[in-house]
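Reading the structure
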Amino acid sequence: MSRYDSDYIIVGSGFGGSTAALRLAEKGYSVTMLECGRRYEDADMPQTTWQVPRAFWLPLLKLRGMLRVSPFKDITVLSGSGVGGGSLVYSMVLLRAPDRTFDDPLWAGLADWRAELPAHYEEAERMLGVMRYERDGIGDRLIIDVAEDLGVADTYSKPMVGAFLGPPGETVDDPYFGGAGPPRTGCTRCGNCMVGCREGAKNLLTKNYLYFAERLGVRILPERLATDIRPLGRSGDGSEGFAVTSVTPGNALFRNRRTMTARAVVVAAGTLGTNKLLQRCRLNGSLNVLSPRLGERVRTNSESVLAVTAPDDRFDLSDSVCISSSIWLDESTHLEPVVYGTGGDFNASLFSLLVDPGRRATQPLRFALAALRHPRMLIRASNPRRWSRRTLLFIVMQSLNSSIRLRPWRRLRDGTVLLQTEPDPGEPRPQPIPAAYDVARRLAEKMGGTPQAAVFEAALCTPVTAHFLGGAVIGADADHGVVDADLNVHGYDNLMVCDGSVLPTNLGVNPSLTITALVERAMERVPPRESREAAAELVGT
């Protein structure tokens with residue numbers, strides 16, 4: 001009988017954690033997964049973002065929805081919460097990182113990424129059910145017009161998406177895994193992909209990696225927030241396993257604290273969650289030899305999120321998947337149009353008047369003056385009435401070098417660590433992207449509409465990102481990164497990090513597929529349970 005509760009405990013159920021769970025279970029390991037969010041069935045998804053308790057995550061206020069909004073001084077982070085992690089709210093776009101990504105000196109010499117990753121990309125694409133979305137809608141045609149004006153129409157392309165594009169609304173037996181997976185329903189092109197797909201068309205992780213992982217015995221414990229990872233035994237290096245403590249999130253009085261033990265731990269709580277947990281473990285002494293690089297080289301994919309709202313329903317943008325095309329404004333600047341269907345009207349509260357960015361110290365004044373000069377435009381910019389169907393959002397990503405740091409700001413009495421952002425010396429901070437503002441005004445002219453920026457960017461010059469990366473990055477040793485090329489934590493045995501926090505550079509494209517491929521590669525290197533047991537017997541552990 002094992003002296004551990006599980007062979008592996010995985011913290012987090014997003015792309016990295018789900019991939020690790022399935023592959024470890026296939027190798028014969030017992031796996032327990034801790035997820036701070038709740039479990040969702042298709043029918044549980046919010047119909048609109050007005051259903052705030054089901055749409056947004058803030059457990060202290062009893063909001064246990066899928067979207068977490070985390071504002072910091074230098075960036076506002078959007079991330080997912082729930083079983084399936086970011087797949088619950090992501091745009092379904094699954095793109096391979098450009099080859100030049102792997103030329104970055106931070107990780108270029110640590111593996112032959114260009115040669116090794118294609119096979120893992122292919123497996124990730126198979127598992128995530130990648131299909132090309134071919135249909136052009138109103139928003140796509142607007143983007144084509146802008147691309148022609150800018151002389152970049154030749155870069156227009158249709159995305160690979162993780163959705164079942166079978167007959168709309170028709171439920172069929174599993175089309176991906178030879179009938180072994182769950183039944184699927186064809187995409188109805190309602191555009192509510194990021195509000196919550198209630199149709200069963202979105203390829204959530206609960207329909208692929210986690211679906212099969214649970215059938216192999218993986219135990220998923222929702223609404224469990226990991227608060228500590230402590231090595232067992234005298235060595236303190238993880239060679240004798242770990243104790244992982246978790247609580248019920250948001251319950252200040254009755255936290256329902258539990259501690260479980262495991263031979264090994266995979267931290268996959270998303271970039272923000274992983275940085276917060278590892279900083280807490282370092283501060284409380286549980287993981288006191290973590291790399292000093294923890295919290296450094298935090299990336300935002302150099303993103304900016306803007307929008308244009310049409311004055312009436314002549315531009316009904318809801319008949320599409322949430323992202324249905326893209327263009328490259330230059331070799332490092334990637335733009336994708338985004339729609340929220342008919343269910344995202346409450347999200348108008350996250351946008352406001354488009355104000356050209358200035359210095360951060362003076363931006364609030366610039367915003368206030370613009371609001372006084374254009375009160376009607378201010379009202380139109382945040383008017384939720386039919387905002388969702390009339391609004392074309394777009395996300396602009398860059399592979400240019402920019403970064404910040406995540407540092408502990410305050411430690412609460414219960415041990416919770418609050419993080420703050422600060423500049424990363426020698427590298428520029430993420431900034432609003434001028435080319436994005438140019439596109440917003442061009443679209444507004446074509447639509448007769450109102451250009452908008454995310455309210456944090458408009459009023460504070462703080463960009464918004466849905467692709468928060470880094471902080472526990474890949475590096476040759478502890479002086480250069482937190483994990484090695486196989487995602488093992490420097491200084492510890494049996495401890496891995498498997499999420500976007502390991503990426504040392506901006507990709508310029510949606511990172512979900514790259515995260516999945518990196519974890520596929522790392523899991524390939526984990527020996528089967530039988531060989532690991534035999535090795536342990538040889539060394540007497």
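Attention here is on the structure that accompanies the text. Computed from a predicted model, the values in this text were never measured in an experiment. (Residues numbered from 1 in each chain as written. Predicted model: local features only at pLDDT ≥ 70, side-chain atom pairs only at ≥ 80, totals over all residues. Heavy atoms only, no water.)

Moving on: the side chain of serine 70. Within the fold, serine 70 resides in strand E5 (residues 67–71). In this structure, serine 70 is in contact with Ile75, Thr76, Val77 and Leu272, ignoring residues within four places of it in sequence. (Helix = DSSP H or I, 4+ residues; strand = E, 2+ residues; numbered from the N terminus. Contact = heavy atoms within 4.5 Å.)

So, about the sheet that holds strand E24 (residues 464–465). Strand order across the open sheet formed by three strands is E5-E6-E24, with mixed pairing between neighbours. Across the chains shown, the open sheet's two edge strands, defined by having one partner strand only, are E5 and E24. Pairing geometry for strand E6 (residues 76–80) and E24, over two bridges, is parallel. Within E24, the residue paired with valine 77 across the bridge is threonine 465. (Pairing = 2+ DSSP bridges.)

Further remarks concern the pairing of strand E14 (residues 258–267). Regular strands have side chains that alternate between both faces of the sheet. Along E14, eight of the ten residues are buried, which leaves the element largely enclosed by surrounding structure. Pairing between strand E1 (residues 6–11) and E14: five bridges, direction parallel. The residue of E14 that forms the bridge with serine 6 is alanine 262. Strand direction decides the pairing type here: strand E13 (residues 242–247) and E14, joined by five bridges, are antiparallel. Of the residues in E14, the one forming a bridge with phenylalanine 242 is alanine 262. Sheet analysis places E14 next to strand E26 (residues 495–497), joined by three bridges and oriented parallel. Looking at the pairing, valine 265 lines up with leucine 495 of E26. (Buried < 20%, exposed > 50% of the residue type's maximum accessible area, 1.4 Å probe, protein only.)

What follows covers the side chain of serine 501. Note that serine 501 resides in the loop between E26 and helix H12 (512–524). Of note is the side chain of serine 501, whose polar atom sits 2.5 Å from the side chain of aspartate 499. Apart from residues no more than four positions distant in its own chain, serine 501 is found in contact with Thr271, Thr274, Asn275, Leu469, Gly470, Gly471, Ala472 and Val473. (Polar contact = N/O pair within 3.5 Å; in protein donor to acceptor, adjacent residues only side chain to side chain.)

With the rule as written, the count across this model stands at eleven aromatic pairs. Where phenylalanine 15 meets tyrosine 90, the ring centres are 5.1 Å apart and the plane angle is 70°; that geometry is what we call edge-to-face. Placement of the pair is phenylalanine 15 in helix H1 (residues 15–26) and tyrosine 90 in the loop between E6 and helix H3 (113–128), with a sequence separation of 75 residues. You'll find phenylalanine 15 and tyrosine 90 in the same group, each marked buried. In this structure an aromatic cluster arises from ring pairing among Phe164, Tyr176, Phe177, Tyr211 and Phe212. The ring of tyrosine 40 has arginine 38 sitting right over it, with the charged end atom 4.4 Å from the ring centre. Positioned above the aromatic ring of tryptophan 409 is the side chain of arginine 410, whose terminal nitrogen or guanidinium carbon lies 4.4 Å from the ring centre. (Phe/Tyr/Trp six-rings, centres within 6.5 Å; stacked < 30°, edge-to-face > 60°. Lys NZ or Arg CZ within 6 Å of the ring centre and 35° of its normal.)

Attention now goes to the packing of H3 against H12. At a minimum axis distance of 8 Å, the contact between H3 and H12 shows a crossing angle of 110°. Between H3 and H12, the interaxial angle falls into the category roughly perpendicular. Packed against H3, whose contacting residues are Trp113, Glu116, Leu117, His120, Tyr121, Glu123, Ala124, Glu125, Met127 and Leu128, the element H12 presents Leu513, Thr514, Thr516, Ala517, Leu518, Glu520, Arg521 and Glu524 at the interface. (Axes fitted to C-alpha atoms, helices over the stretch in contact; angles between N-to-C directions. Parallel < 35°, antiparallel > 145°, perpendicular 65-115°, else oblique.)

Glancing now at unusual backbone geometry. Positive phi is not limited to glycine here, since arginine 386 has a value of about 55°. Looking at where arginine 386 falls in the secondary structure, it is placed in the loop between helix H8 (375–381) and helix H9 (387–390). Owing to a relative accessible area of 30%, arginine 386 belongs among the partly exposed residues under this scheme. If you check the backbone angles, asparagine 494 has positive phi at about 65° while not being a glycine. In this structure, asparagine 494 sits in the loop between strand E25 (469–471) and E26. A relative accessible area of 22% means that asparagine 494 is categorised as partly exposed.

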